[in-house]
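The residues making up each chain are set out below.
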Amino acid sequence: MVGQIGPLVQVGRKKTALAFHVLGGVVGGAAIGVVLGFTGLLLRAAIGDTLDTVFVVVVPAALLSAAAVDLGVLPVRPITWERQTPGSWPCSMGHYPGIFAWGFDLGLGITTRIPYQSLLVLPLAAFLAGDLGTAVAITAVYGASRALAVVAAVSTAGDDYAAACDAIQSRVLPLKRAVGATALVISALIVIF
Amino acid sequence: MANSARLSGLVGLAALTGLAAAALAGGVAKPAIGALPVFVLVSLSLVVGLSTAASP
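Residues numbered from 1 in each chain as written. Chains lettered and ligands numbered in written order. Predicted model: local features only at pLDDT ≥ 70, side-chain atom pairs only at ≥ 80, totals over all residues.

Caption draft 1: Representation of the overall build of chain B in the model. Broken down by element type, chain B carries two helices and zero strands. A buried classification covers 46% of the 56 residues belonging to chain B. (Helix = DSSP H or I, 4+ residues; strand = E, 2+ residues; numbered from the N terminus. Buried ≥ 20, exposed ≤ 12 C-beta atoms within 10 Å, placed from the backbone.)

Here you go:
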């Protein structure tokens with residue numbers, strides 16, 4: 001995304017373009033949060049407080065499993081798909097709408113390649129929380145932080161986006177382990193508290 | 001140096017925003033699962049989101 005959006009923000013006003021990207025990320029995250037939160041509410045209406053027990057069992061178990069894959073402890077094929085945000089959107093939709101749509105698409109979290117298995121636990125947790133506010137908070141923060149990470153990378157890259165991409169790619173494995181370790185700690189925290 | 005400072009600032013801003021969202025969702029909405037699970041899950045969202053900039 002840095003390699004795609006970086007050169008594009010040189011075309012228009014850089015800060016406006018990046019703001020559209022962040023807005024897209026927040027809206028995308030919030031949108032999927034509303035869907036998951038609402039379906040979670042329906043599930044809570046159907047099974048009542050049993051959902052809280054399901055949450056405390058399923059979410060930590062999923063986090064443990066995802067953490068094991070992200071840390072490289074569990075040698076199974078990660079769940080992912082090959083779809084990426086279409087590079088043609090800024091051409092077909094227009095400059096700023098295209099950049100907004102990229103943010104929206106990435107903010108959804110589950111429509112593009114899954115870099116970390118721990119990411120898959122977020123929509124699961126948002127659904128099983130059975131609470132609209134919680135679901136939106138979980139997914140909107142994901143969308144916002146993912147977009148802000150792109151903004152941070154583009155802002156610090158200068159004009160050398162290829163070098164920025166290389167630098168990011170060299171950190172993918174340590175980042176994956178950091179995410180896995182975080183998921184492990186959070187799994188323990190949910191069980192303990 | 002200026003770039004590192006800007007990067008740290010943006011990451012810090014994201015972290016503050018995320019934690020504020022967690023506090024709002026956990027404190028105001030009083031979710032059935034409890035405030036702490038909401039807080040830690042929003043923190044995980046933050047970590048995963050910020051770590052995913054390299055993804056296409």
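Caption draft 2: The arrangement of the overall build of chain A in detail. Along its length, chain A carries nine helices and zero strands. Along its sequence from the N terminus, chain A presents helices and strands in the succession α-α-α-α-α-α-α-α-α. Buried residues in chain A amount to 50% of all 193 residues. Of the contacts made within chain A by residues no fewer than 6 positions apart, 84% connect residues no fewer than 24 positions apart. (Contact = placed C-beta atoms within 7 Å.)

Caption draft 3: Representation of the environment of Pro 97 of chain A. Residue and element names in this part refer to chain A. On the secondary structure map, Pro 97 appears in helix H5 (residues 95-108). With 15 C-beta atoms counted inside 10 Å, the residue Pro 97 sits in the partly exposed group. The spacing of Pro 97 and Lys 15 is 82 residues in sequence and 14 Å in space, taken between C-alpha atoms.

Caption draft 4: Region of interest: helix H9 (residues 172-192) of chain A. Helix length check: H9 of chain A (21 residues) gives 30 Å between terminal C-alpha atoms against 30 Å at 1.5 Å per residue, within 8%. Turning to H9 of chain A, its buried residues are Leu 175, Lys 176, Val 179, Gly 180, Thr 182, Ala 183, Leu 184, Ile 186, Ser 187 and Ile 190 of chain A. For H9 of chain A, the elements touching its buried residues are helix H3 (50-70) and helix H6 (118-128) of chain A together with helix H2 (35-50) of chain B. (Expected span 1.5 Å × (residues − 1).)

Caption draft 5: Main features of H2 of chain B. An ideal rise of 1.5 Å per residue puts 22 Å on 16 residues; H2 of chain B measures up with 22 Å between its terminal C-alpha atoms. Counting buried residues in H2 of chain B gives 13 out of 16 residues, a clear majority hidden from the surface.

Caption draft 6: Structural context of the packing of helix H7 (residues 132-156) of chain A against H2 of chain B. H2 of chain B packs onto H7 of chain A with a crossing angle of 25° between their chain directions and a minimal axis gap of 7 Å. Between H7 of chain A and H2 of chain B, the angle falls in the class roughly parallel. Every pair of crossing elements has a handedness; the one defined by H7 of chain A and H2 of chain B is right-handed. Across the interface between the two elements, Thr 134, Ala 137, Ile 138, Val 141, Tyr 142, Ser 145, Arg 146 and Ala 149 of chain A from H7 of chain A touch Val 38, Leu 41, Val 42, Ser 45, Leu 46, Val 48, Gly 49 and Leu 50 of chain B from H2 of chain B. (Axes fitted to C-alpha atoms, helices over the stretch in contact; angles between N-to-C directions. Parallel < 35°, antiparallel > 145°, perpendicular 65-115°, else oblique. Left-handed = near helix turned anticlockwise from the far one by under 90°.)

Caption draft 7: Up close: the confidence of the model for chain B. Of all residues in chain B, 54% have pLDDT values of 70 or greater, and the mean over the chain is 72. Overall fold confidence (pTM) sits at 0.85, and the ipTM for the predicted complex is 0.86. (pLDDT = per-residue confidence, 0-100.)

Caption draft 8: Examining the environment of Trp 81 of chain A more closely. By secondary structure assignment, the location of Trp 81 of chain A is in the loop between H3 and helix H4 (89-93). In the structure, Trp 81 of chain A is positioned eleven residues away from Ser 92 of chain A in sequence and 24 Å away in space, judged by C-alpha atoms.

Caption draft 9: Structural view of the nonpolar core. With 66 residues, the main nonpolar core has Val 121, Leu 122, Ala 125, Ile 138 and Ala 183 of chain A as its most contacted residues. Within the residue set of this core, elements represented by two or more residues are helix H2 (14-47), H3, H5, H6, H7 and H9 of chain A together with H2 of chain B. The element that contributes the greatest number of residues to this core is H7 of chain A, accounting for 16 residues. Sequence-distant contacts of Ala 125 of chain A, defined by excluding residues within four places in its chain, comprise Val 59 and Ile 138 of chain A together with Leu 41 of chain B. (Core = buried A, V, L, I, M, F, W, Y, C linked by C-beta atoms within 7 Å.)

Caption draft 10: Looking closely at the confidence of the model for chain A. Confidence in the prediction for chain A averages 87 pLDDT; 86% of positions are at 70 or higher. Model confidence for chain A, summarised as mean pLDDT per element, is weakest for helix H1 (residues 2-8) of chain A at 63 and strongest for H6 of chain A at 95.

Caption draft 11: Inspection of the packing of H2 of chain A against H5 of chain A at higher detail. Residues and elements named next belong to chain A. In the contact formed by H2 and H5, the axes pass within 6 Å of each other and the chain directions differ by 35°. As for the relative orientation of H2 and H5, their crossing is right-handed in sense. Here the contact of H2 with H5 is composed, by residue class, of 15 nonpolar, eight polar and one charged. (Nonpolar A, V, L, I, M, F, W, Y, C, P; charged D, E, K, R; others polar.)

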